[in-house]
Amino acid sequence: MTTTSRIAAGLATAGLVAAAAVLTAVPATAASKGSISIYNNCGRAVSTTIHRLGGAMIAGTAAAPAGSRYSYPVYAGSYLVRVPAGQRTVTVLDVPGKVHVVSVKAC
């Protein structure tokens, strides 16, 4: 291998490493995801839903089995959780470097 081809190969490898670093880099200011976890403690199958504050449903189940736990990943912010016990407003915090989970009991 000549010196020129070694330099070219080295530059190509460095370019691939730099490109991979750019593709996998996550900005420090990116919003972290947390989750809303709903535990069905009702003793029977129940309907549970998660809504944006504007009312749009983003997740839910028509018949969560008794004793089940349903968890849905969400960005930091406030959400409405509708369960048999009523409607709850929950807030998922943006805690850098930590996972934030809000738990709601259905009954």
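Everything below is about the structure printed above this text.
Not measured: the values here are computed from a predicted model. Throughout this description, residue numbers start from 1 for each chain and increase along the sequence as written. Local features are withheld for residues below a pLDDT of 70 in this predicted model, meaning they are given only at 70 or higher, and side-chain atom pairs are given and counted only at 80 or more; totals for whole chains, interfaces and linings count all residues. Here the side-chain values reflect all heavy atoms present in the structure, with hydrogen atoms and water set aside.

Novice: Any chance you could explain the nonpolar core here in plain terms?
Specialist: A general feature of soluble globular proteins is that nonpolar side chains tend to end up buried together. By convention a nonpolar core is built from buried Ala, Val, Leu, Ile, Met, Phe, Trp, Tyr and Cys residues, the set being connected through side-chain atoms within 4.5 Å. Only protein chains enter the calculation, and the probe is 1.4 Å; a residue is then buried if its accessible area is under 20% of its type maximum, exposed if over 50%, and partly exposed in between. One finds Ile 36, Ile 50, Tyr 79, Val 81 and Val 90 to be the most contacted residues of the largest nonpolar core, which totals 16 residues. Secondary structure counts use DSSP, requiring at least four H or I residues in a row for a helix and at least two E residues in a row for a strand, with both numbered from the N terminus. Sorting the residues of this core by element identifies β1 (33-39), β2 (46-52), β3 (57-64), β5 (77-83), β6 (86-92) and β7 (101-105) as the ones contributing at least two each. Considering each element in turn, this core owes the most residues, three residues, to β5. Residues count as neighbours in contact if any of their non-hydrogen atoms are within 4.5 Å of one another. Those residues in contact with Ile 50, other than ones at most four positions away along the chain, are Ile 36, Ile 38, Ala 56, Met 57, Ile 58, Ala 59, Tyr 70, Tyr 72, Tyr 79 and Leu 80.

Novice: Whenever I open this one, the pairing of β3 confuses me. Can you help?
Specialist: On any regular strand, side chains alternate: one points to one face of the sheet, the next to the other face. With five bridges connecting them, β2 and β3 associate as antiparallel partners. If you follow Thr 49 over to β3, its bridge partner there is Gly 60. Note on pairing: DSSP must find at least two bridges between two strands before they are called paired. The hairpin turn running from β2 into β3, its antiparallel successor, is four residues long, and Gly 55 in that turn takes a positive phi close to 110 degrees.

Novice: Mind showing me how you'd approach the sheet that holds strand β4 (residues 69-75) here?
Specialist: Either a parallel or an antiparallel arrangement is found when strands of a sheet pair, and the pairing is made through backbone hydrogen bonds. Reading across from one edge, β4-β1-β7 is the order of the three strands in this open sheet, with mixed pairing throughout. The two strands at the open ends of the sheet, each matched to only one other strand, are β4 and β7. Ignoring strand direction, the axes of neighbouring strands in this sheet form an average angle of 20 degrees. Examined bridge by bridge, β1 and β7 share five bridges and lie parallel to one another. Bridging across to β7, Tyr 39 finds its partner in Lys 105. Only C-alpha atoms enter the line fits that serve as axes; for helices the fit covers just the stretch in contact. Angles between N-to-C directions range over 0 to 180 degrees.

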